[in-house]
Amino acid sequence: MKRIVKTLFFFGLLLLLTAAVAPSFINWNQHKDKIIARIEPYIQRKIDVAGNISFKVLPQPELMMEQVTLSNAPGAKSPVFITLKQLTARIRLSPLLQGRVEVENLYLDTPVLNLEVMADGKADWSGLLKEKPNLDTAAAIQLNQVTVTGGTVHYLNQMTGASRDMENLNLVIAAETLLGPYRINGDMKYQNTKVNIDITTEVFDKTLSLPVRIALLPAENLPQVKLNGAVSFQSGLDFEGELTAAQGKLGSLVHIDALSNLAFMRDTVDLRGVLAFKGGQLTLSDIKAKFGTAGTLNGKMSAQLPRGGKPIVTMDLEGDNLVLIEKADTADAYPATPTEAEGSLHFKGKSITWYGRKLDTVDISVGFDAKDWTIKSSQFGLTGNSQVR
């Protein structure tokens, strides 16, 4: 990080010298290789600038680069980590000469970001910087405004085959320092629905933990999702905090047919739980969910994400007044096997609808993989106090 400040200081002196002695028509493209060479020592990827590079001194020192590409990590399916149609950085010169970096505006035009979890479980965004963040240096860098327009994020998990796309990403980001606090506002398109984004943070502590509040607010159909917790970068990317999802259909967010085809997943949801992700373990505990007017679901779900294998999912749930399958003659008459994962499910319930028939009680344990559901034990209570095992 100190080297970054020195490099920016170098650019500041270069701009100051240019303002004093150089004409405005200098062709900075002739110095492209030298400029890139000053940036590459801090990044573990290859940088390419296919378009123009220019400097402008007044009214503020400004660097502009067109058609910027950053290569991806070894093992990623996409050869490119990020592309930018244009990057423009305007930095205030006076603070820079005092040893501080104050970014007046950083403009990222049409970025396309490829995020991948590779076959060995490593993420392509890990190890991006050659140097670990220096907290003192980060505290000396201020972001007045970062603007992202027309962005796209592609996500691919090679281990599970899961992929997601977020399009038309528009953000405005501000931070008192690189340590925070941050404020991020904007919107994006997800599943053809506009989603408003509101993110606020506090300040990184010495363990690189960052308290964060995230609100994803769709204009229609999708649930409103909120996270309130802490992100840690000490050993990768970890999170723990409260998750809420409300005012939409949970099935529209879940891209697993075995779950999204359940009838109650198409009811309006109000869900709360504690979400934790650390060391390849994803857990949603203390689940308290309401579906429709009377359905409830409580319990815990966890997924172990092994390197080079499918997620191993464990679910222990209790529910009341839930419709699993409405009628036997519907297209979703029987839940599809979850091809994306394997694991086990224990479910206890009261007043459960299955194939259009109301069951007074249900207690079932099953295992599953990409091919089959395996019933380990089952007990069903029918009207009239009869039971089926």
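As shown above, the structure is provided for reference.
Here goes a summary of the coordinates provided. This is a predicted model, so every value here is computed, not measured.

Definitions and cut-offs
- Residues numbered from 1 in each chain as written.
- Predicted model: local features only at pLDDT ≥ 70, side-chain atom pairs only at ≥ 80, totals over all residues.
- Heavy atoms only, no water.
- Helix = DSSP H or I, 4+ residues; strand = E, 2+ residues; numbered from the N terminus.
- Buried < 20%, exposed > 50% of the residue type's maximum accessible area, 1.4 Å probe, protein only.
- Contact = heavy atoms within 4.5 Å.
- Core = buried A, V, L, I, M, F, W, Y, C linked by side-chain atoms within 4.5 Å.
- Patch = residues over 30% accessible without salt bridge, like charges linked within 9 Å, V, L, I, M, F, W, Y side chains within 5 Å.
- Areas by Shrake-Rupley, 256 points an atom, 1.4 Å probe, with all protein chains shown as cover.
- Salt bridge = Lys/Arg side-chain N within 4 Å of Asp/Glu carboxyl O.
- Phe/Tyr/Trp six-rings, centres within 6.5 Å; stacked < 30°, edge-to-face > 60°.
- Lys NZ or Arg CZ within 6 Å of the ring centre and 35° of its normal.

**Here's the deal with the overall build of the protein**
Here comes step 1: Helix and strand counts for the protein come out as 5 helices and 21 strands.
Here comes step 2: The buried share of the protein, reckoned over its 389 residues, is 40%.
Here comes step 3: Contacts spanning at least 24 positions in sequence make up 48% of the contacts within the protein whose residues lie at least 6 apart.

**As for the nonpolar core**
Here comes step 1: One finds Phe 264, Leu 271, Phe 291, Leu 297 and Phe 347 to be the most contacted residues of the largest nonpolar core, which totals 79 residues.
Here comes step 2: If sequence neighbours within four positions are ignored, Phe 347 has contacts with Leu 297, Leu 317, Glu 318, Gly 319, Leu 322, Ile 352, Val 362, Asp 363 and Ile 364.

**Concerning unusual backbone geometry**
Here comes step 1: Note the cis peptide between Gly 180 and Pro 181, where omega equals 0°.
Here comes step 2: In this structure, Pro 181 sits in the loop between β8 (163-175) and β9 (182-190).
Here comes step 3: If you check the backbone angles, Leu 208 has positive phi at about 60° while not being a glycine.
Here comes step 4: The residue Leu 208 is located in the loop between β10 (193-201) and β11 (209-218) in this model.
Here comes step 5: Even without a glycine there, the phi angle at Asp 286 is positive, about 50°.
Here comes step 6: Checked against the element boundaries, Asp 286 lands in strand β15 (residues 281-291).

**Some thoughts on a nonpolar patch on the surface**
Here comes step 1: Residues Trp 125, Phe 233 and Leu 237 make up a contiguous nonpolar surface patch of about 260 Å² in total accessible area.
Here comes step 2: Looking at Phe 233, the relative accessible area reads 38%, which means it is partly exposed.

**Some details on the packing of aromatic side chains**
Here comes step 1: For the structure on display, the rule yields 2 aromatic pairs.
Here comes step 2: Centroid distance Phe 264 to Phe 291: 4.8 Å. Interplanar angle 75°. Geometry classified as edge-to-face. Placement of the pair is Phe 264 in the loop between α5 (257-260) and β14 (268-278) and Phe 291 in strand β15, with a sequence separation of 27 residues.
Here comes step 3: Residues Phe 368 and Trp 373 carry aromatic rings whose centres are separated by 5.4 Å and whose planes lie at 50° to one another, so their mutual orientation is tilted.
Here comes step 4: The exposure class assigned to Trp 373 is partly exposed, which follows from its relative accessible area of 25%.
Here comes step 5: Here the basic side chain of Arg 45 rests over the ring of Phe 81, its NZ or CZ set 5.4 Å away from the ring centre.

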